[in-house]
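# Report on the structure
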Amino acid sequence: QIVTTSLPNIIPNKNKMIKEKFEIDCRIIHTNEKYLHTRNTILVDDSPTNIIQHIEKNIVPGIVFDLGYGWNKDLKEDNKLIFRGNSYNETFDII
């Protein structure tokens, strides 16, 4: 499954983009409370807030997805619970 945050008007286009990018057909959940759906899995997210909530609530690893955004650089990886993926391939290697 993929858990994402989306404005209602972009959900159809975002679903299409996700399926094309990852070449999969899976359940896509749109929510602002991602940690509720990531209890037994790794969360990959570009938002430090979502990564921190996920780790605090679930005590499982999170990967900060960073394609050079800059605004999420302050969340430092410890390679125990917090990892950083700087590309799709690097993120898949971490998983």
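Residues numbered from 1 in each chain as written. Predicted model: local features only at pLDDT ≥ 70, side-chain atom pairs only at ≥ 80, totals over all residues. Heavy atoms only, no water.

## Observations concerning the sheet that holds strand S4 (residues 62–65)
In space, the 3 strands of this open sheet follow the order S3-S4-S5, with parallel pairing throughout. The two strands at the open ends of the sheet, each matched to only one other strand, are strand S3 (43–45) and strand S5 (82–85). Each strand of the sheet is rotated relative to its neighbour by a mean of 25 degrees, with strand direction disregarded. (Pairing = 2+ DSSP bridges. Helix = DSSP H or I, 4+ residues; strand = E, 2+ residues; numbered from the N terminus. Axes fitted to C-alpha atoms, helices over the stretch in contact; angles between N-to-C directions.)

## A word on the pattern of salt bridges
All chains considered together, the criterion is met by 6 salt bridges. In this structure, Lys 34 engages Asp 45 in a salt bridge whose closest nitrogen and oxygen atoms are separated by 2.4 Å. Residue Lys 34 is found in the loop between strand S2 (28–30) and S3, and its partner Asp 45 is found in strand S3; the two are separated by 11 residues along the sequence. Neither Lys 34 nor Asp 45 differs from the other in exposure class; each is buried. (Salt bridge = Lys/Arg side-chain N within 4 Å of Asp/Glu carboxyl O. Buried < 20%, exposed > 50% of the residue type's maximum accessible area, 1.4 Å probe, protein only.)

## With respect to the nonpolar core
Counting 6 residues, the largest nonpolar core consists of Leu 43, Ile 51, Ile 55, Val 64, Leu 75 and Ile 82. Non-local contacts of Val 64, meaning those with residues more than four positions away in its chain, are made with Asp 45, Ile 51, Asn 72, Leu 75, Ile 82, Phe 83, Arg 84 and Gly 85. (Core = buried A, V, L, I, M, F, W, Y, C linked by side-chain atoms within 4.5 Å. Contact = heavy atoms within 4.5 Å.)

## Focus on helix H1 (residues 11–22)
In this model H1 runs 16 Å from its N-terminal to its C-terminal C-alpha over 12 residues, within 8% of the 16 Å that 1.5 Å per residue would give. Of the residues trailing H1, Glu 23 is marked for its positive phi of about 50 degrees. (Expected span 1.5 Å × (residues − 1).)

## Topic: the pairing of S4
Within a regular strand, side chains alternate between the sheet's two faces. Across the two faces of S4 the burial is the same, with Gly 62 and Val 64 and Ile 63 and Phe 65 all buried. Note that S3 and S4 share 3 bridges and pair parallel. Its bridge partner being in S4, Asp 45 is matched across the sheet by Val 64. With helix H2 (residues 48–58) bridging S3 and its parallel neighbour S4, the resulting β-α-β unit is right-handed. (Right-handed = clockwise from strand over helix to strand, strands pointing away.)

## Looking at the layout of surface pockets
Looking at the largest pocket, its volume works out to about 780 Å³. Listing elements by their share of the lining of the largest pocket, those giving two or more residues are strand S1 (2–4), H1, S3 and helix H3 (88–94). Counting residues per element, the lining of the largest pocket draws most heavily on H1, which supplies 5 residues. (1 Å grid on protein atoms, 1.4 Å probe; cavity = no way out; pocket = protein on both sides within 12 Å on 5 of 7 lines; lining within 4 Å. Points joined across faces, edges and corners; volume = space filled by probe spheres on them.)

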